[in-house]
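# Descriptive structure summary
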Amino acid sequence: MKQEFLKQKQYSKKAEAKRKELMLTDSEYRENRLAWRRANYAKNKETIRAAVKADRADNPDKYRKSEKKYRDSNKDKYYESKREYRNFIRNKVFKHYGGKCKCCAESTVEFLAIDHKNRDGAKHRKELMGSNEAGGSHRMRLWIIKNNFPKTFQLLCHNCNIGRERNNGVCPHKLGKR
Ligand SMILES: [Zn+2]
Ligand SMILES: [Zn+2]
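Computed from a predicted structure; not experimentally measured.

### Observations concerning the overall build of the protein
Helix and strand content of the protein: 8 helices and 2 strands. In the protein, the order of α-helices and β-strands from amino to carboxyl end is α-α-α-α-α-β-α-α-β-α. In the protein, which comprises 178 residues, the proportion classed as buried is 7%. Counted over contacts in the protein with a minimum sequence separation of 6, partners at least 24 positions apart contribute 61%.

Encoded structure:
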């Protein structure tokens, strides 16, 4: 903590000198710096990426540590952005497949799931993730986007999904009122 503080202090002193030298206001200096960094990154994207990648391969612990540190000190933010990202992916995929249950038109997001039309979901999950465990929906959705929304998927609510599963591939809704 103390070290962090010292580092920051040192940095801002140096930055402060530079800022004065360039006769810029605080925000001007910050904007300039950001713009310079972005331009530099854009110009040397490949080199920088390769360097970081190589460094990461040489010092995996360093990166693991700093990532963990970031996660720990931004827990709420980290998990919230992760959640937001997952929701974004989920909504994108659901929307593509019509946004409601193909069978009964249920549209409450929490009730919906992507269904393998050919009932080969277990096999697919196993290929994709090495197991057929529950979860992994997010990875499946990413896969669907990456593969340009194959027509072999549809959106079903959990009721219709299970109904179909237990009725040999036909949702009981389809049998009419009994
Ligand atoms: Zn349904
Ligand atoms: Zn149904």
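### As for the environment of K100
On the secondary structure map, K100 appears in the loop between α5 (75-96) and β1 (112-116). Under the C-beta neighbour-count criterion, K100 is labelled partly exposed, with 18 such atoms within 10 Å. The spatial distance from the C-alpha of K100 to the C-alpha of L156 is 7.1 Å, given a sequence separation of 56 residues. The residues contacting K100, other than those within four sequence positions of it, are A105, E106, S107 and L155.

### Quick look at the nonpolar core
With 8 residues, the main nonpolar core is built from C101, C103, L112, L155, L156, C157, C160 and C171. Residue contributions to this core peak at 3 residues, all from strand β2 (residues 153-157). Once residues lying within four places of it in the same chain are set aside, the contact partners of L155 are F94, Y97, G98, K100, C101, K102, L112 and I114.

### Considering unusual backbone geometry
Phi angles above zero are rare outside glycine, and A105 is one such case at about 70 degrees. As for its placement among the helices and strands, A105 is situated in the loop between α5 and β1. The phi dihedral of F149 falls on the positive side, at around 50 degrees, and the residue is not glycine. By secondary structure assignment, the location of F149 is in the loop between α7 (137-146) and β2.

### Examining the pairing of β2
Counted residue by residue, β2 has 4 buried out of 5 residues, so it is predominantly covered. Pairing of β1 with β2 involves 5 bridges; the strand directions are antiparallel. The residue bridging D115 from the neighbouring strand is Q154, located in β2.

### A short note on the confidence of the model for the protein
With 89% of its residues at a pLDDT of 70 or more, the protein has an overall mean of 86. The least confident element of the protein is helix α1 (residues 2-22), whose mean pLDDT is 67; the most confident is β2, at 96.

### Observations concerning the packing of α5 against α7
α7 packs onto α5 with a crossing angle of 55 degrees between their chain directions and a minimal axis gap of 10 Å. As summarised for this structure, α5 and α7 are arranged oblique, according to the angle between their axes. Handedness of the α5/α7 crossing: left-handed. Here R86, I89, R90, K92 and V93 of α5 lie close against α7, whose contacting residues are H138, R141, L142, I144 and I145.

Parameters and conventions
Residues numbered from 1 in each chain as written. Chains lettered and ligands numbered in written order. Predicted model: local features only at pLDDT ≥ 70, side-chain atom pairs only at ≥ 80, totals over all residues. Helix = DSSP H or I, 4+ residues; strand = E, 2+ residues; numbered from the N terminus. Buried ≥ 20, exposed ≤ 12 C-beta atoms within 10 Å, placed from the backbone. Contact = placed C-beta atoms within 7 Å. Core = buried A, V, L, I, M, F, W, Y, C linked by C-beta atoms within 7 Å. Pairing = 2+ DSSP bridges. pLDDT = per-residue confidence, 0-100. Axes fitted to C-alpha atoms, helices over the stretch in contact; angles between N-to-C directions. Parallel < 35°, antiparallel > 145°, perpendicular 65-115°, else oblique. Left-handed = near helix turned anticlockwise from the far one by under 90°.

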